[in-house]
Amino acid sequence: SMDVGRPGALALTLQELVRSGHPLEQVLPAFTTNVAAALRLPGKGRLSPGADADLVVLDDAGGVADVMVGGRWHVQDHVPVIRGTFEGALA
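Here is what the cut-offs are and how they apply
Residues numbered from 1 in each chain as written. Predicted model: local features only at pLDDT ≥ 70, side-chain atom pairs only at ≥ 80, totals over all residues. Heavy atoms only, no water. Helix = DSSP H or I, 4+ residues; strand = E, 2+ residues; numbered from the N terminus. Polar contact = N/O pair within 3.5 Å; in protein donor to acceptor, adjacent residues only side chain to side chain. Contact = heavy atoms within 4.5 Å. Salt bridge = Lys/Arg side-chain N within 4 Å of Asp/Glu carboxyl O. Buried < 20%, exposed > 50% of the residue type's maximum accessible area, 1.4 Å probe, protein only.

Draft legend 1. A look at the side chain of Asp-66. When you line up the elements, Asp-66 lands in strand E2 (residues 64-69). A polar side-chain atom of Asp-66 sits 2.8 Å from the main-chain amide nitrogen of Asp-77. Here Asp-66 is in contact with Leu-55, Val-56, Val-57, Trp-73, Val-75, Gln-76 and Asp-77, once residues within four sequence places are set aside.

Okay, structure coming up:
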């Protein structure tokens, strides 16, 4: 496989930025609002009434702990609860 474009790359990058001392409130827009604006996705990248119910909860180390997409939990306590077509069955 190629080691490019892995799904976890963005989360690892955010975690490394925070771990190296960058304030979360300064680096987070590069992963959320800025991307949504560039892609012209008005319901994404922010928490506000009428926006999509997408949410990523970080743990104390800055890693991804929980993920909600469209108001439905996909990851809870670091464990996938919903998988995509090509990700295999839940254990």
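Draft legend 2. View of the pattern of salt bridges. Tallied over the full model, the rule gives three salt bridges. A salt bridge links Glu-16 to Arg-19, with the nearest nitrogen and oxygen atoms 3.4 Å apart. Separated by three residues within a single helix, Glu-16 and Arg-19 lie in helix H1 (residues 9-19), roughly one turn from each other. Owing to a relative accessible area of 56%, Arg-19 belongs among the exposed residues under this scheme. The residue Lys-44 makes a salt bridge to Asp-54 at a minimum N-O spacing of 2.5 Å.

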